[in-house]
Amino acid sequence: MSRITDLQKNLFGGTTSNARQFGMISTLVAIVLLFQIWTGGLTLTSGNLIAVVSQYSYILILAIGMLMVIVAGHIDLSVGSVAAFTGIVVAKAMQEYSIPWPLGIVLGLLVGAVIGAWQGFWVAYVGVPAFIVTLAGMLLFRGGNQYIGNADTVPVPLGFRDIGAGFLPEVGPDTGYNNLTLLLGLAACLGVVWREFKARQTRREMNADAAPLWVAGIRLAVMLGVIIFATLRFAGGRIGTSVPISGIILIVLVLAYSYYTRNTIGGRHIYAVGGNARAAELSGVKLKRVNFLVMMNMSVLAALAGMIFVARSAASGPQDGLSWELDAIAAVFIGGAAVSGGLGTISGSIVGGLVMALLNNGLQLEGVGSDMVQIIKGLVLLLAVAFDVYSKKQGRFSILGALARPFQRDQADTPADPSKPVTDTDSDTDKAQVAG
């Protein structure tokens, strides 16, 4: 039993792993295997995997930003409209003013930054709840998209389309595979091995307990196996296809934001604000600045996602971005983020997004109607949260339960008689809670 516990605790992320993360990865594997059998082997073909990354990369990019917003204790309902608005502005600028497509990308990111600054100002410095600000933004920028584009589609130039519909080019000798994809897979394998080695070395230097060596070996074998399998699939597609450029952008963002949220002061401040904003502020965290930056960052990523979608579609249209915010929010919650903020990981959100993407893809391969697809996605989201509630009732680790405990302590310390003054002992208790 202890070996099973060690494996579950350490297989996917060391001591920070829990049953929820383990369960989500197991769910992803189960979905893949189910549809692989159901579709007669179509799910894991090179062409289908490449299509999944190309079709859903923009949702996964949104999930990265949404994770940070939700961890900070907010929600952003405007991301789909911001993406659509940015797409039409960039498309119009390239069509009517003939600006080069690289400058069009820069323009789009600047538009996202300005929109994010606008919404972040209302949330952080005026104090309007993010739900209301972004609800207004959803209406405002959806209307702006239709006003600027006159409800028409606006095509984009060929060079711009590469960020959404392009692939790693064919270079080097004919190996039967895309050589750049093979090199990318080799770099990923070396990176995983190096990260495992450095993690164990760091824990030894700190005299901290490391995962058993046999668990580390299984973890490395699983991760390397997945990387090698994916590399061969993406590299072995039809000539001219490989890893989509949008997938490369996604990988870079996942690595960068994972490092930022886990290893920098700014990233820790986001979790501190979401966990207990008052305690974080008393500890010196600049609360307004954190809230401003997470809202601004979300809009920049929404702008990037919008441009990738427009590039893949070859044109911007009035229906772009519809319900994107719901898919991004679902990916974050399915990936293990807490509704009240303070908990969640980038990798978990990507896993949640992949669950939704492969669920969509598998059902479409089987010809299931869009109505049933929506019903099934809703049930998956509900079951993901229900699993956490069930774990709490069974006495196992529960994210929602962990979130509720601080509030339960506050209620227990509240005097029954409102007229009763707070004693020194009460004050000391409060200080101890804040310090803790």
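Remember, predicted model here, so these are calculated numbers, not experimental data.

Caption draft 1: Expanded view of the overall build of the chain. Secondary structure assignment for the chain yields 18 helices and two strands. The proportion of buried residues among the 436 residues of the chain is 44%. Of the contacts made within the chain by residues no fewer than 6 positions apart, 76% connect residues no fewer than 24 positions apart. Surface exposure of the chain reaches about 22,100 Å², of which carbon and sulfur atoms provide 66%.

Caption draft 2: Fine view of the environment of Phe333. Positionally, Phe333 belongs in helix H14 (residues 324-334). Sequence-wise, Phe333 and Gly352 are 19 residues apart; in three dimensions their C-alpha atoms are separated by 7.4 Å.

Caption draft 3: Representation of unusual backbone geometry. The backbone phi angle of Asn150 is positive, close to 55°, even though this residue is not glycine. Within the secondary structure layout, Asn150 lies in the loop between helix H6 (130-149) and strand S1 (154-155). Taking the relative accessible area as the measure of exposure, Asn150 reaches 55% and is therefore exposed. Positioned with a positive phi, Ser323 is a non-glycine residue whose angle comes to about 65°. Within the fold, Ser323 resides in the loop between strand S2 (315-316) and H14.

Caption draft 4: Quick peek at the packing of aromatic side chains. Scanning all chains against the criterion turns up nine aromatic pairs. Among the aromatic residues, those joined into a cluster by ring pairs are Trp118, Phe121, Trp122, Tyr125 and Phe292.

Caption draft 5: Structural context of the packing of helix H4 (residues 79-96) against helix H5 (residues 101-126). Closest axis-to-axis distance for the H4/H5 pair is 9 Å, and the angle between their directions is 145°. The way H4 lies across H5 gives a crossing that is right-handed. Contacts between H4 and H5 involve Val82, Phe85, Thr86, Val89, Val90, Ala93 and Met94 on the former and, on the latter, Trp101, Gly104, Leu107, Gly108, Val111 and Ile115. Partitioning the contact of H4 with H5 into residue classes produces ten nonpolar, three polar and no charged.

Caption draft 6: Representation of helix H7 (residues 158-165) in the model. Every buried residue of H7 is accounted for by Phe160, Ile163 and Gly164. One side of H7 carries all its buried residues, which in axial view fall inside an arc of 95°. Of the surrounding secondary structure, the elements contacted by the buried residues of H7 are helix H3 (46-71), H4, H5, helix H10 (245-263) and helix H13 (287-313).

Caption draft 7: Here's a closer look at H5. The end-to-end C-alpha distance of H5 is 37 Å, a good match for the 38 Å that 26 residues give at a rise of 1.5 Å each. The largest bend in H5 comes to about 30°, at Gly120. Along its buried surface, H5 packs onto H4, H6, H7 and H13. Trailing H5 by a residue or two, Gly127 shows a phi angle of about 90°, which is positive.

Caption draft 8: Looking closely at the environment of Met298. By the secondary structure assignment, Met298 is in helix H13. Each C-alpha atom, one on Met298 and one on Ile64, is 8.4 Å from the other, the two residues being 234 residues apart in sequence. Those residues within four positions of Met298 in sequence are excluded, and the remaining contacts are Leu62, Gly65, Met66, Val69, Asp76 and Val79.

Caption draft 9: Fine view of the packing of H3 against H14. In the contact formed by H3 and H14, the axes pass within 8 Å of each other and the chain directions differ by 65°. Considering the relative orientation of H3 and H14, their crossing is right-handed. Here Tyr58, Ile59, Leu62, Ala63, Met66, Leu67 and Ile70 of H3 lie close against H14, whose contacting residues are Trp324, Glu325, Asp327, Ala328, Ile329, Ala331, Val332 and Phe333. Tallied by class, residues from the contact of H3 with H14 come to 13 nonpolar, no polar and two charged.

Caption draft 10: Broad picture of the side chain of Thr43. When you line up the elements, Thr43 lands in the loop between helix H2 (19-38) and H3. With a relative accessible area of 2%, Thr43 lands in the buried category. A distance of 3.2 Å separates a polar atom in the side chain of Thr43 from a polar atom in the side chain of Thr39. Those residues in contact with Thr43, other than ones at most four positions away along the chain, are Val32, Phe35, Gln36, Asn48, Leu49 and Leu365.

Caption draft 11: Looking closely at the environment of Ile50. Within the secondary structure layout, Ile50 lies in helix H3. Among the residues examined, Ile50 registers a relative accessible area of 6% and is labelled buried. Separated by 184 residues in sequence, Ile50 and Phe234 place their C-alpha atoms 6.4 Å apart. Among all residues touching Ile50, those that are not within four sequence positions of it are Phe167, Phe234, Gly237, Thr241, Ser242 and Pro244.

Criteria and cut-off values
Residues numbered from 1 in each chain as written. Predicted model: local features only at pLDDT ≥ 70, side-chain atom pairs only at ≥ 80, totals over all residues. Heavy atoms only, no water. Helix = DSSP H or I, 4+ residues; strand = E, 2+ residues; numbered from the N terminus. Buried < 20%, exposed > 50% of the residue type's maximum accessible area, 1.4 Å probe, protein only. Contact = heavy atoms within 4.5 Å. Areas by Shrake-Rupley, 256 points an atom, 1.4 Å probe, with all protein chains shown as cover. Phe/Tyr/Trp six-rings, centres within 6.5 Å; stacked < 30°, edge-to-face > 60°. Axes fitted to C-alpha atoms, helices over the stretch in contact; angles between N-to-C directions. Left-handed = near helix turned anticlockwise from the far one by under 90°. Nonpolar A, V, L, I, M, F, W, Y, C, P; charged D, E, K, R; others polar. Arc of directions from axis to C-beta. Expected span 1.5 Å × (residues − 1). Bend = angle between axes of the 7 residues up to and from the residue. Polar contact = N/O pair within 3.5 Å; in protein donor to acceptor, adjacent residues only side chain to side chain.

Remember that the coordinates give geometry; whether it matters functionally is a separate question.
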